[in-house]
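Below, each chain spelled out in residue letters.
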Amino acid sequence: MRYIFINDLFRFFKENIKIIITYFMIIFASSYVRLLTDNFLNQDSFLDIIGLNFSLNGSIWQILFTCLNIGFYIFLAIKVFENNLSSGSENVFLRVSKGKWYIYKVISILIITFLVMFVCYLLMFIIYGYKINYGMIFIYNYIYFIFIEIFSILLYIFYYNFKKLFVIIFILLFLIIKYLIIDFRLINHYIFIIFGLFVFINIFIYLLIRFKKIDILK
Amino acid sequence: MRIKVENLAKKFQDQTILRNVNLDFNGGHIYGIVGRNGSGKSVFMKLLCGFYKPTEGTILYDSVDINSNNVFPPSTRALIEKPTFLPELSGFENLKLLASIQNKIDDEKIIETMRKLNLYDERNKKYSKYSLGTKQKLGIVQVLMENPEVMIFDEPMNGIENETVKIIRDILITEKGKGKLIIVASHIKEDIDNLADEVFEVDNGYINKRK
């Protein structure tokens, strides 16, 4: 576990430092702009910036920030998942089984997501101060984004192993995407279902990797 | 340990890399695989490690088919292409971290293996500061340190100075004497001629015993 986590942590931050800093800067700068332009900062503007205020009738600002945040965390998950698959495979896969590797990898993604999100919230705390209920929003934000991350890993595995299934799911997703991206109120309402889906997808991927002959290595 | 390769073929899209490969590898031997660059040596090594699925055929480790059982080979270590370590950590820290996956060996064993390859003095130096040859030696230590039954090396002598090449040859011969199965691929004929009991040549997708 220690090897996989340290390896993921070092590589993710080292290889993507520019992207990570840009993301943090966008989040911080946007909060600051909101502070300058709005009369007072409230939970709604906070949710806008972390991408949890998506509405089809919402402003372009809300749509852009939803895409930015979801896109960034999908990028994080795929990058961490891919580590060990493209280089240094012999270091890991001759020492640990595929099933165990997947469990370690999920823990690694959970920890790195937590760290990044924590820094993001710290930056926003500088601007928003004590006006926001950070604890509750953080938990819901975290569960919703780790669900999206794991779902994107499932799609990634389908893309490399079951191309036809991937195309069908992708088209389906495209058709219903507006119902899938939900705002904070809905996340709040469906949090247990979202967490349940996260667990279910993880078990499904674990069984797929452990028992089905799929190529996870590039 | 015995590895039996039966009717093995590997294709990537329309390109056939290996075809109808039938080989038998036994413990207590060093096998050489030669062939020009791009002939399919590394693909064959990765197939042996279970990193690629064969298009056809089977690879048996002591009668266990690693592909149909969806497992990586038991007690096997490999150095394929170039070694991959964390540049921010020292050579020793990298090896310690790798050894922590299975927790089979202690620091003493790691140090002992580093000593054998003249790496002791460089153990605390950051991996990023290592020369090409030193990186390669660390890759070899990674293979040797946990005392595996099967060792697979792809171009192991890359960038290594002559004095250490001789040391590595001696180590591999000692390991062979302990009953280990060692497979070494190289495009340098001398590497193989000085080491291998049997030599196979990869050519046009076929792997045949060299006469």
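Residues numbered from 1 in each chain as written. Chains lettered and ligands numbered in written order. Predicted model: local features only at pLDDT ≥ 70, side-chain atom pairs only at ≥ 80, totals over all residues. Heavy atoms only, no water.

Trainee: Got a minute to help me understand the side chain of B:Ser39 in this structure?
Mentor: All names here are of chain B. If you trace the backbone, serine 39 turns up in the loop between β3 (29–34) and α1 (41–48). A distance of 2.8 Å separates a polar side-chain atom of serine 39 from the backbone oxygen of arginine 36. Those residues in contact with serine 39 that lie beyond four places of it in its chain are Ile17 and Val202. (Helix = DSSP H or I, 4+ residues; strand = E, 2+ residues; numbered from the N terminus. Polar contact = N/O pair within 3.5 Å; in protein donor to acceptor, adjacent residues only side chain to side chain. Contact = heavy atoms within 4.5 Å.)

Trainee: Is there a simple way to explain the sheet that holds strand β5 (residues 64–65) of chain B in this structure?
Mentor: Sheets are built from strands paired through backbone hydrogen bonds, the pairs being either parallel or antiparallel. All names here are of chain B. Taken in spatial order, the four strands make up an open sheet running β2-β1-β4-β5, and their pairing is antiparallel. At either margin of the open sheet sits one strand with a lone partner, and together these are β2 (15–26) and β5. Both strand β1 (residues 2–12) and strand β4 (residues 56–61) contribute to a ladder of five bridges, which runs antiparallel. Residue pairing across strands places glutamate 6 opposite threonine 58, the latter belonging to β4. (Pairing = 2+ DSSP bridges.)

Trainee: Hey, could you run me through the interface of chain A and chain B in this one?
Mentor: Frequently, the measure chosen for interface size is the accessible area removed from exposure when the parts meet. Between chain A and chain B, the residue contacts involve 26 residues of the former and 29 residues of the latter. Roughly 2700 Å² of surface becomes buried between chain A and chain B when both sides are summed, with 58% attributable to carbon and sulfur atoms. The largest contributions to the chain A side of the interface with chain B come from A:Glu90, A:Leu94 and A:Arg95, which together make up 31% of the buried area. Linking chain A with chain B are two salt bridges. Note that B:Glu146 is salt-bridged to A:Arg95, the shortest N-O span being 2.7 Å. (Buried area = accessible area lost by both parts, 1.4 Å probe. Salt bridge = Lys/Arg side-chain N within 4 Å of Asp/Glu carboxyl O.)

Trainee: Sorry if this is basic, but what is going on with the sheet that holds strand β8 (residues 181–186) of chain B here?
Mentor: Residues and elements named next belong to chain B. In spatial order, the strands read β6-β7-β8-β3-β9-β10; together these six strands make up an open sheet with mixed pairing. Edge positions in the sheet fall to β6 (76–79) and β10 (206–209), since each of these pairs with one other strand and no more. Across the sheet, the axes of successive neighbouring strands diverge by a mean angle of 15°, strand direction being ignored. Note: β3 against β8, six bridges, orientation parallel. For tyrosine 31, the partnering residue across the bridge sits in β8 and is isoleucine 183. Contacting β6 and β7 (150–154), helix α4 (residues 132–144) runs over the sheet at an angle of about 170° to β6. (Axes fitted to C-alpha atoms, helices over the stretch in contact; angles between N-to-C directions.)

Trainee: What should I look at first to understand the packing of aromatic side chains in this one?
Mentor: Centre-to-centre distance and the angle between the planes together describe a pair of aromatic rings. For the structure on display, the rule yields 40 aromatic pairs over all chains. Seen in terms of ring centroids, A:Phe114 and A:Tyr142 are 6.0 Å apart; in terms of plane orientation they differ by 85°. Their pairing is edge-to-face. You can see A:Phe114 sitting in helix α6 (residues 98–128) and its partner A:Tyr142 sitting in helix α7 (residues 134–161), a full 28 residues away along the chain. Judged by its relative accessible area of 15%, A:Tyr142 is buried. One aromatic cluster is present, formed by A:Phe81, A:Phe93, A:Trp101, A:Tyr102, A:Tyr156, A:Tyr159, A:Tyr160, A:Phe166, A:Phe170, B:Phe51 and B:Phe72 through successive ring pairs. When the ring centre of B:Phe72 is taken as reference, the NZ or CZ atom of A:Lys98 above it lies at 5.2 Å. (Phe/Tyr/Trp six-rings, centres within 6.5 Å; stacked < 30°, edge-to-face > 60°. Buried < 20%, exposed > 50% of the residue type's maximum accessible area, 1.4 Å probe, protein only. Lys NZ or Arg CZ within 6 Å of the ring centre and 35° of its normal.)

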